[in-house]
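Each chain is listed here by its residues.
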Amino acid sequence: MRFRIQSSILATALFILSIFLAQPVQAQSVASGTVEGTVADPTGAVVSGAKVEIRNPLTGYQQATTTDTSGVFRFSNLPFNNYHIEITEQGFAATGQDVNVRSTVPASVKVTLTVAGVTESVTVEATGADILENVPYAHSDVDVSTLDKLPTLSPASGLSDAIILSSPGVVADSNGFFHPLGDHAQTSFAIDGQPISDQQSKAFSTQIPVNAIQSMELITGTPTAEYGDKTSLVVNATTRSGLGLAKPTGSFQTEYSSFGTISEAVNFGAGGQKAGYFLAANGVRSGRFLDTPEFRPIHAIGNSGDIFNRFDFNLGPKDSFHTNFLLARNWFQVPNTLDQPNQDQRQKVVTFNLAPGYQHTFSTSALLTLNPFVRQDRVHFYPSADPFDDSPATLAQSRRLTNWGLRGDVSYVKSQHNLKIGGQVMQTRLTEAFGLGITDPLLNPVCVNAAGEGQELPTVTNPANCARSGAGFRANPGFLPGLLPLDLTRGGSLFQFAANGNVNEYAAYIQDSVTVGKLTLSPGLRVDHYVSPSATDTGVQPRVGISYLISATGTVLRAGYARTFETPYNENLLLSSTTGVGGLTDVFGAQGQAPLHPGRRNQYNVGLQQALGRYIQVDGDYFWKFTTNAYDFDVLFNTPVQFPISWRKSKIDGVSFRVSTTNIKGFQWYTTMGHNRSRFFGPEVGGLLFNSPVDAPVFRIDHDQAFQQTSNIRYQWKKDGPWAGFTWRYDSGLVAGAVAGLDDLLALTAAQQAAVGFFCGSTVATPDSPITACGGSNFGATRLKIPAPGTADDDHNPPRIAPRHLFDIGAGTDNLLRSGDSRRVTLRFTVSNVGNKIALYNFLSTFSGTHFVAPRTYQGSIGFVF
């Protein structure tokens, strides 16, 4: 089957469809559930006007409503989770009931109240069972009440910050990147049911704003069959809705923080039982938009703006419709190093997203869900006006990625079964234009002197002529002849590439969740067919999970297996599929084209969840993943321009761990921990330029980190009173393969030596005074952990970024003037990196570049809520 409908036509059709379907029920996200029920008195008569509240004691999620004249209540747009329902009415005893929401099929409950005794005030407490989830996969749940208080200070990367701070096993990297469970960026998003597996970092795209999200389920365990593409981490997000609001609500917040950062955030919701509307709009300007290759930002201004809309419509008692619309843009300067005084590179990204959702209820047991979608990223990278102001290369890029398709499934819940059968048809239309020219003659010198130092010699293009060019000169053993045609310092010309092509993907899946007493079994099967301009592959993926609840001890034991089909990254896929082994170093040689094929992975998980009383939940998981054709990115220097590459195979294993508490009289705490071993095996295929070997038999890649942990503690006095929070993040350090010993340190520029904190005895390198020689063994780098001489090993003892502790504190109030719930003034103050720790995320990484952690940052904000 070939896709021939233009994306613009599809977008217009979907918009027209949303208008025609916008008729006056209870719409909901297709990635969330519904609870409906009836409240009756002891005689069976319905009770109208009773207050009904549903909440999850661990995440803090809650909704409240009252029963109608028929005694009926309904909660929609509920994230999949366990919930505790509490019903109160004058003259009756408070009554509680638990419900498990794991399907889009509405869950029905019937509550019978009992007449109150002498005392009418009864508190219904949640129990340990309310914080246990008998499911076969590890995950974390994050509600808007937590998202609102997290120190998400990175401009235009709030969603990435929230994921890093909330999910175990996720390692922080620069510019909104993160490494889930040892992989580089193998993350899929399901936003109200819309699948998004393309990159969401601000270097590639624009993220959905955090203030548009109601809750997130962060799945780090065995993925069920409905999830494909990139499954190390699945972010199942439910957006906020105006449906069911008794009156219009909204807020406006303005912030000012370090580096001249100014931002505004607005959200508004209105609706009723028939229809709802929600809006979130944000804008930010910062003098440190991207993470920078120097501790103090140079040439790092950027801005971003976005607007998110969600419409909900009820078409009748059995049909509901909603649509999400996002329009966003960011523009930024590419930060410079001290070695690039005149460079003026910039990038602009514009994102458009339209995603309707339709549901039809066949019966109380069966429900149909349809999700058409269209999404586009337009990326423009601009070089400096003078190409030789760019160093070590000048580059330009204009690319477009348009992703559109349809996802649908039928859910059936009956007796012990929770069955889902579905499929997905998707096309990604790619247009790529790219130019590259080398501007630094020492990037790929033809000749070196007797000491092995590269020589400029712009007229020498043949290594055989080196000896005639000066005393002691010889051919550079590391010279890459494939780069000579694009070396502008030696008479070369720009490498130019332009192409377009489509990636077509088809998927079908079936999964069930069978509950037999305290045992849950989740078998599934997924089949994917992938067609790109250079590769065609099919993946058959059996999956199974099992969990068992031990009620006596409050323990859930679980295990799972998944066969997954890991598709290549789409960003710059066309060019990367033409370069072969070694990238552009061989594009003019004999290697030729080597298409990027999807990878195949076997993943195993075992874990447990433990309730300690009714207040504390402990969750741990061990994972092991073996992949053929393992994916990563090749980054060009410190730019946001990156290209997908694949390695022959990878072996990744590790542990994730989380401890969480419920809200205990205003106090709430969680800690996440993770450890991974990420071993990759060469050779590599794809990409452009590399500063490390691409044919290593085995090595630890820069996703590998021995240990990281995040602890977040928060206390709030009363529901909307003053609050204070504290966050501690520890990272033991990612692999930094570019500096393995003294010779590598001495080969760095003065600015690079200063960046890593290179010292030799009492002498410390500065940007103006490099260290050119160092005798003895008293040398090192304060921001790198370099193996002792003779002990370095790419697999067992690689160089790493130095460990770091980062601390954030925040305080504020949700009702400054104590004016009641209808209108409130909010105030907050946050300090990030309190100790002003000078630390690196990465250094000269082929896969990430060089970036510093942000210096101490102050942020103050004031807002108005109505």
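No experiment lies behind these values; they were computed from the predicted model shown.

A closer look at the sheet that holds strand 8 (residues 139–143)
- Here we have 5 strands laid out as an open sheet, ordered 8-13-14-11-12, and mixed in their pairing. Of all the strands in the sheet, just strand 8 and strand 12 (194–196) have a single pairing partner and so form its edges. Neighbour-to-neighbour, the strand axes of this sheet turn through a mean angle of 15°, independent of strand direction.
- Examined bridge by bridge, strand 13 (residues 213–219) and strand 14 (residues 233–239) share 6 bridges and lie antiparallel to one another. Bridge pairing in strand 14 links Glu217 to Asn236.
- Strand contacts of helix 3 (residues 158–166): strand 8, strand 11 (187–191), strand 13 and strand 14, with the helix running at about 50° to strand 13, the strand carrying the most contacts.

A closer look at the pattern of salt bridges
- Using the criterion set out here, one finds 31 salt bridges in the structure.
- In this structure, Asp148 engages Lys149 in a salt bridge whose closest nitrogen and oxygen atoms are separated by 3.5 Å.
- Given the relative accessible area of 37%, Asp148 is considered partly exposed.
- Among the residues examined, Lys149 registers a relative accessible area of 12% and is labelled buried.
- Here Asp795 makes a salt bridge to Arg700, at a shortest N to O gap of 3.4 Å.

Describing the environment of Gln199
- Tracing the backbone through its elements, the reader meets Gln199 in the loop between strand 12 and strand 13.
- Given a relative accessible area of 5%, Gln199 falls into the buried group.
- C-alpha separation for the pair Gln199 and Ser188, spaced 11 residues apart in sequence, amounts to 8.7 Å.
- For Gln199, the residues in contact, after removing those within four places along its chain, are Phe177, Ala185, Phe204, Ser205, Tyr569, Glu571 and Phe633.

Describing the sheet that holds strand 3 (residues 62–66)
- In spatial order, the strands read 3-2-5-6; together these 4 strands make up an open sheet with antiparallel pairing. Each edge of the open sheet carries a strand with a single partner, namely strand 3 and strand 6 (95–101). Here the strands of the sheet are splayed against their neighbours by 20° on average, with no regard to which way each runs.
- Relative to strand 5 (residues 81–88), strand 2 (residues 51–55) runs antiparallel, the two sharing 5 bridges. From the neighbouring strand, Glu53 faces strand 5, where its bridge partner is Glu86.

As for the state of the cysteines
- What the rule picks out here adds up to 2 disulfides.
- In this model Cys447 forms its disulfide with Cys466; the gap between the sulfur atoms is 1.9 Å. The S-S bond linking Cys447 to Cys466 shows a torsion near -85°; that makes this disulfide left-handed. You can see Cys447 sitting in strand 24 (residues 447–448) and its partner Cys466 sitting in the loop between strand 25 (454–455) and strand 26 (474–475), a full 19 residues away along the chain. Side by side, Cys447 and Cys466 carry an identical accessibility label, which is buried.
- Numbered by position along the chain, the disulfide-linked cysteines of the protein chain connect as 1-2, 3-4.

Considering the nonpolar core
- Residues Phe434, Leu636 and Leu688 are the most contacted members of the largest nonpolar core, which totals 37 residues.
- Of all the elements in the fold, those that place two or more residues in this core are strand 22 (393–414), strand 23 (417–438), strand 27 (495–516), helix 4 (573–576) and strand 32 (616–635).
- Ranked by residue count, the leading element in this core is strand 23, at 4 residues.
- Membership of the second largest hydrophobic core comes to 32 residues, among which are Leu159, Val170, Ala172 and Leu806.

Remarks on the confidence of the model for the protein chain
- With 93% of its residues at a pLDDT of at least 70, the protein chain reaches an overall mean of 89.
- Every residue in residues 118–125 is under pLDDT 50, and counting partners more than four places away or in other chains gives 12 contacts.
- Contacts from residues 587–592, a stretch scored under 50 in pLDDT, to residues over four places away or in other chains number 11 contacts.

Describing the side chain of Asp512
- Structurally, Asp512 can be placed in strand 27.
- For the buried Asp512, no salt bridge is present, and the opposite-charge side chain at shortest range is Lys420, 11 Å distant.
- Residues in contact with Asp512, not counting those within four places in the same chain, are His417, Asn418, Leu419, Leu521, Ser522 and Pro523.

Regarding the packing of aromatic side chains
- Counted according to the given criterion, the structure contains 23 aromatic pairs.
- Note on Trp624 and Phe626: the rings are 6.2 Å apart at their centroids and 10° apart in plane angle, and the pair reads as stacked.
- A residue is classified by how much of its surface remains accessible, and Trp624, at 30% relative accessible area, is partly exposed.
- Ring centres of Trp728 and Phe807 lie 6.4 Å apart, and the angle between their planes is 20°; on these two criteria the pair is classed as stacked. Pair noted here: Trp728 is in strand 37 (residues 722–731) and Phe807 is in strand 43 (residues 804–813), with a separation of 79 residues, a long-range link.
- The class of Trp728 is partly exposed, set by a relative accessible area of 31%.
- Taking relative accessible area as the criterion, Phe807 reaches 31% and is therefore assigned partly exposed.
- Through successive ring pairs, a cluster of aromatic residues spans Phe177, Phe204, Tyr569, Tyr631 and Phe633.
- The ring of Phe681 carries the charged tip of Lys649 above its face, separated from the ring centre by 4.7 Å.
- It is Arg658 that lies over the ring of Tyr670; its NZ or CZ is 4.5 Å from the centre.

Rules used throughout
All residue numbers refer to position in the chain's written sequence, counted from 1. The predicted origin of the model limits local features to residues at a pLDDT of at least 70 and limits the giving and counting of side-chain atom pairs to 80 or more, whereas totals for whole chains, interfaces and linings rest on all residues. With hydrogens and water excluded, all non-hydrogen atoms of the structure serve as input to the side-chain values. When DSSP finds two or more bridges between two strands, those strands count as paired. Helix and strand assignments follow DSSP, with helices taken as H or I runs no shorter than four residues and strands as E runs no shorter than two, numbered in order from the N terminus. All axes are obtained by fitting lines to C-alpha atoms, using only the stretch in contact for helices, and the reported angles, taken between N-to-C directions, cover 0 to 180 degrees. Here a residue-residue contact requires only that any non-hydrogen atoms of the pair lie within 4.5 Å. For this analysis, a salt bridge means a side-chain nitrogen from Lys or Arg found within 4 Å of a carboxyl oxygen belonging to Asp or Glu. Here's how the labels work: a residue is buried when its accessible area is under 20% of the maximum for its type, exposed when over 50%, partly exposed in between, all with a 1.4 Å probe on protein chains only. When two cysteine sulfur atoms are found within 2.5 Å, that pair is recorded as a disulfide. Throughout this description, the term nonpolar core refers to a set of buried Ala, Val, Leu, Ile, Met, Phe, Trp, Tyr and Cys residues connected via side-chain atoms within 4.5 Å. Here pLDDT means the predictor's own confidence in every residue, given as a number from 0 to 100. Counted as positive: Lys and Arg. Counted as negative: Asp and Glu. His and the chain ends are not counted at all. Planes of paired rings set the category: under 30 degrees apart is stacked, over 60 is edge-to-face and the rest tilted, where pairs are Phe, Tyr or Trp rings (Trp by its six-membered ring) whose centres lie within 6.5 Å. Here, a charge over a ring is recorded when the distance from Lys NZ or Arg CZ to the ring centre is within 6 Å and its angle to the ring normal is within 35 degrees.

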